[in-house]
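Residue-level structural notes
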Amino acid sequence: MSTVVLDNVSKVYPGGYLAVDRMSLRAENGELLVLLGPSGCGKSTLLRMIAGLEEVTEGDLWLGGTLANDLAPRDRDVAMVFQNGALYPHRTVRGNIAFPLEIAKADPVMVRERVTELSKALHIDETLERRPGTLSGGQRQRVAMGRAIVRQPSLFLMDEPLSNLDAGMRTELRMEISSLVRSLGVTTIYVTHDQVEALTLADRIAIMNRGVLQDLGTPGQVYNDPATAFTAAFLSSQQLNLLAATVRTPQNQFILLDFGPHQIMIPWTDPRAYVISQHVGHQIIVGLRPDCLAPVPDTFEGPTFLGRVRALEYHGHEWLAYVESGLTSVAVPEPPDPRRGASGLGASPLAVGRVRSVLRRLVPGNLFDGDAEPQQEQEQVSGHHRRADLIVRLGSRPVWRAGESARVGVDVTRLMLFTMDGARIDPPQR
Ligand code: ADP
């Protein structure tokens, strides 16, 4: 068992591509930490740096309290499973799983016992005398996992181990990985681009985009109380409504989120009122999941958007309505293109600085010390604005028809508020 600490770790590939940009986080002893993010965001690079397969360009990597930047991979006590867990084709399943112990010249009786025990936990005990060529994809991944974990490493690293399997097999193996690593108590870092996999497996999730840490917390925390607009959008199963609004305080009576054709009032009694009022006169981004919007009757007196139903979409378990209401939507704010890394580390602009200052609160300890804060606040509008439909969840019955006028009620308590560069205005409570 081992803790893993990344302290401002960056990776620049030859040619200047900044694949990981000053990541700081800590995986606790026995924790299952999932690295989640879109393809190309730097997850595998980070995992490979922890394994010692890639050099750390800048920052410190600590494994179990030892500075590990220059430690050879074989001295890290780390086991890794990849997407295509390559097996030795001429060895049986038993021979594959036993291989690391045989290399270490372990006692053959102990090896036999350990392989049998592990193969039962992985539900491949019936296949022990077969060769990999005769196994299904799911069985091969189980063997790869058995081989990785048989010598009881301090740290288990998994890089998209389920992505080549069909949906049913993925669900089954996902549950088994979860119970296996928890019963062994081994610290595990698991890479995936699949939000469902992350939410169902993780003790905590670290969300990345373009090499930058976007959020860190338990599945419930990052889903319900995301630190950034990117996290909120990436974890939404239906497309998140991201709307531009200007903050006003008419006669100081209340806070008004002015969306142009529509306004929403926030009373001074709202716990977020003070922090929102710091943005008076500025544009902010309001995030609304489709399930915090609902059709309401004309008599409804709460906050509403009015519009016209442009289309309805059937999703089996629910209907979604696309409502034209003249609102301005905003693209998800992103960190700068990593190719800018060619100009050197520490060159990231303001947007990354603000996202970092929100994250500073989430990462315990002094991991962010020495990280320069932006000195000057600027009004910076990132992402492009466009008119777009409001997406509203209707449940299993479509109460509206296309072309009808629509009155959409808004659950103000579930509004998510971000600066234009995507950092939460009211930082998450963790
Ligand atoms: P992920 O695992 O999130 O899909 P990776 O860590 O594999 O992302 O890659 C992050 C970025 O770094 C990608 O744009 C990828 O093309 C780039 N990259 C990965 N390996 C190398 C390499 N050896 N040389 C140059 N660029 C690389």
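Residues numbered from 1 in each chain as written. Predicted model: local features only at pLDDT ≥ 70, side-chain atom pairs only at ≥ 80, totals over all residues. Heavy atoms only, no water.

1. A word on the overall build of the protein chain
Heads up, the rule is: Only DSSP runs of H or I with at least four residues qualify as helices, and only runs of E with at least two residues qualify as strands; both kinds are numbered from the N terminus onward. Only heavy atoms enter the contact rule, under which two residues are in contact if any of them lie within 4.5 Å. Shrake-Rupley sampling with a 1.4 Å probe provides the accessible areas, and residues are treated as covered by the protein chains on show and by no other component.
Each helix and strand in the protein chain was counted, giving 10 helices and 22 strands. For the protein chain, the share of sequence-separated contacts (at least 6 apart) that also reach a separation of at least 24 residues comes to 73%. Within the structure as shown, the protein chain displays about 19200 Å² of accessible surface, and the carbon and sulfur contribution to it stands at 50%.

2. Observations concerning the environment of Ile266
The condition that has to hold: Three exposure classes are used, based on accessible area relative to the maximum for each residue type with a 1.4 Å probe and protein chains only: buried under 20%, partly exposed in between, and exposed over 50%.
Inspection of the secondary structure puts Ile266 in strand 13 (residues 263-266). With a relative accessible area of 0%, Ile266 lands in the buried category. For the pair Ile266 and Thr249, spaced 17 residues apart in sequence, the C-alpha separation works out to 9.6 Å. Once you skip the residues sitting within four places of it in the chain, Ile266 turns out to touch Phe254, Ile255, Leu257, Ile276, Val412 and Leu415.

3. Considering the pattern of salt bridges
Operational definition: Whenever a carboxyl oxygen of Asp or Glu lies within 4 Å of a side-chain nitrogen of Lys or Arg, that contact is scored as a salt bridge.
For the structure on display, the rule yields 23 salt bridges. Ionic pairing is found between Arg48 and Glu54, a salt bridge with its closest N-O pair at 3.7 Å. In this structure Arg48 comes out as partly exposed when scored by relative accessible area, which is 27%. Because the salt bridges share partners, they merge into one network encompassing Lys11, Arg48 and Glu54.

4. Description of the environment of Phe259
Relative to the assigned elements, Phe259 resides in the loop between strand 12 (255-258) and strand 13. Taking the C-alpha atoms as reference points, Phe259 and Leu327, separated by 68 residues in sequence, lie 6.4 Å from one another.

5. Some words on the site of the ligand
Under the convention used in this document: Nearness is judged by heavy atoms alone; a residue qualifies as near a molecule or strand once a single heavy atom is within 4 Å of it. Polar contact criterion, stated in full: a pair of N or O atoms within 3.5 Å, where within protein one must be able to donate a hydrogen and the other to accept it, and residues adjacent in sequence count only if both atoms are side-chain atoms.
Every residue near the ligand is listed here: Tyr13, Tyr17, Ala19, Pro38, Ser39, Gly40, Cys41, Gly42, Lys43, Ser44 and Thr45. Separating an oxygen atom of the ligand from a side-chain N or O atom of Tyr17 is a distance of 3.0 Å. Ser44 places a polar side-chain atom, nitrogen or oxygen, 2.7 Å from an oxygen atom of the ligand. Of all the secondary-structure elements, those providing two or more residues to the shell around the ligand are strand 2 (17-27) and helix 1 (43-51).

6. Brief notes about the side chain of Asp421
Inspection of the secondary structure puts Asp421 in the segment after strand 22 (416-418). The class of Asp421 is buried, set by a relative accessible area of 4%. Polar contacts involving the side chain of Asp421 include one to the side chain of Thr419, which spans 2.5 Å.

7. Here's the deal with the nonpolar core
Heads up, the condition is: Nonpolar cores are built from buried Ala, Val, Leu, Ile, Met, Phe, Trp, Tyr and Cys residues. Side-chain atoms within 4.5 Å join them into one set. Where each domain starts and ends comes from a domain assignment, either automatic or drawn from a database.
Of all hydrophobic cores here, the largest spans 42 residues; its most connected members are Val34, Leu36, Ile97, Met145, Phe156, Ile177 and Tyr190. Broken down by element, the residue count for this core peaks at 5 residues, all from helix 4 (residues 137-149). Of the domains in this structure, domain 1 (4-224) and domain 2 (229-332 + 382-418) are the two that each give at least three residues to this core. The residues touching Phe156, leaving out its near neighbours within four places in the chain, are Ala79, Val81, Met145, Ala148, Ile149, Val181, Val186, Thr187, Thr188 and Ile189. One finds Ile255, Leu257, Ile266 and Val309 within the second-largest nonpolar core, a separate group that totals 31 residues.

8. Description of the sheet that holds strand 17 (residues 319-324)
Within a sheet, each strand pairs with its neighbour through backbone hydrogen bonds, oriented either parallel or antiparallel. This is how the line gets drawn: Pairing between strands is defined by DSSP: at least two bridges between the two strands are required. Angular values range over 0 to 180 degrees, each being the angle between N-to-C directions of two axes fitted as lines to C-alpha atoms, with helices fitted over their stretch in contact.
Across the sheet, 5 strands lie side by side as 15-21-16-17-20; this open sheet has antiparallel pairing. The outermost strands of the open sheet, each flanked by one partner alone, are strand 15 (293-295) and strand 20 (390-395). Mean inter-strand twist for the sheet, computed between neighbouring axes without regard to direction, equals 50°. Relative to strand 20, strand 17 is paired through 5 bridges, and the arrangement is antiparallel. Residue Tyr322 lies in a different strand from strand 20, and its bridge partner there is Ile391.

9. Quick notes on unusual backbone geometry
Residue Asp77 is not a glycine yet carries a positive backbone phi of 55°. One can find Asp77 in the loop between strand 5 (66-67) and strand 6 (78-81). Assessed through its relative accessible area of 32%, Asp77 is described here as partly exposed.

10. Remarks on the confidence of the model for the protein chain
Our working definition: The predictor attaches a confidence to each residue, and that confidence, scored 0 to 100, is pLDDT.
Scored by pLDDT, the protein chain comes out at a mean of 89, with 89% of its residues at no less than 70. With pLDDT under 50 throughout, residues 364-383 is counted as low confidence; its partners more than four residues away or in other chains account for 37 contacts.

11. Here we look at the environment of Ser396
Relative to the helices and strands, Ser396 is located in the loop between strand 20 and strand 21 (405-410). Here Ser396 falls in the exposed class, since its relative accessible area comes to 56%. With near-sequence residues (within four places) excluded, Ser396 lies in contact with His317, Glu318 and Trp319.

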